[in-house]
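Per-entry structural report
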Amino acid sequence: MAKNTGNIVKPMDVLRNSIDKNVLVDVKGNRGYSGILEGYDIYMNLVIRNAGEIIGGENKGVYERVLVRGDNVIFVSPSKGD
């Protein structure tokens, strides 16, 4: 069992720390986006810059800026490399 260090990580903290960093966002409909998180709001609406669209595991193109509606988000994964 993991030790409780007292550090609680909140979802909005993860998003705040991911601004201007690469993220992978999985959304409903077997779709995803990979790019730089430019902004977000309390509803988890996300603005992604240089967003590569992935549908069914296949790259479909790159968009300058994409707005992902929060109720479609399944997960957001920050990049470890940034």
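My aim in this report is to walk through the structure given alongside it, one point at a time. (Residues numbered from 1 in each chain as written. Predicted model: local features only at pLDDT ≥ 70, side-chain atom pairs only at ≥ 80, totals over all residues. Heavy atoms only, no water.)

Considering the side chain of Ser 18
- Mapped onto the elements of the fold, Ser 18 is located in the loop between helix 1 (11-17) and strand 1 (22-27).
- In this structure, Ser 18 is in contact with Val 23, Leu 37 and Pro 78, ignoring residues within four places of it in sequence. (Helix = DSSP H or I, 4+ residues; strand = E, 2+ residues; numbered from the N terminus. Contact = heavy atoms within 4.5 Å.)

A look at the nonpolar core
- Among the nonpolar cores identified, the biggest contains twelve residues, and these are Leu 15, Val 23, Val 25, Val 27, Tyr 33, Leu 37, Leu 46, Ile 48, Ala 51, Val 66, Val 68 and Val 73.
- If sequence neighbours within four positions are ignored, Ala 51 has contacts with Tyr 33, Ser 34, Gly 35, Gly 61, Val 62, Tyr 63 and Val 66. (Core = buried A, V, L, I, M, F, W, Y, C linked by side-chain atoms within 4.5 Å. Buried < 20%, exposed > 50% of the residue type's maximum accessible area, 1.4 Å probe, protein only.)

Side note on the side chain of Glu 53
- Among the structural elements, Glu 53 can be located in strand 3 (residues 46-55).
- Here Glu 53 falls in the buried class, since its relative accessible area comes to 7%.
- Separated by 2.6 Å, the side chains of Glu 53 and Arg 31 make a polar contact.
- In this structure, Glu 53 is in contact with Arg 31, Gly 32, Tyr 33, Glu 58, Asn 59, Lys 60, Gly 61 and Tyr 63, ignoring residues within four places of it in sequence. (Polar contact = N/O pair within 3.5 Å; in protein donor to acceptor, adjacent residues only side chain to side chain.)

A look at a nonpolar patch on the surface
- Where nonpolar side chains cluster on the molecular surface, the patch consists of Leu 24, Ile 74 and Phe 75 and spans about 260 Å² of accessible area.
- If you trace the backbone, Leu 24 turns up in strand 1.
- Using a relative accessible area of 36% as the deciding quantity, one classes Leu 24 as partly exposed. (Patch = residues over 30% accessible without salt bridge, like charges linked within 9 Å, V, L, I, M, F, W, Y side chains within 5 Å. Areas by Shrake-Rupley, 256 points an atom, 1.4 Å probe, with all protein chains shown as cover. Salt bridge = Lys/Arg side-chain N within 4 Å of Asp/Glu carboxyl O.)

As for the sheet that holds strand 2 (residues 31-40)
- Taken in spatial order, the five strands make up an open sheet running 4-3-2-1-5, and their pairing is antiparallel. Edge positions in the open sheet fall to strand 4 (58-68) and strand 5 (73-78), since each of these has one partner strand only. In this sheet, adjacent strand axes meet at a mean angle of 25° when their direction is disregarded.
- Relative to strand 3, strand 2 is paired through eight bridges, and the arrangement is antiparallel. Bridge pairing in strand 3 places Arg 31 opposite Ile 55. (Pairing = 2+ DSSP bridges. Axes fitted to C-alpha atoms, helices over the stretch in contact; angles between N-to-C directions.)

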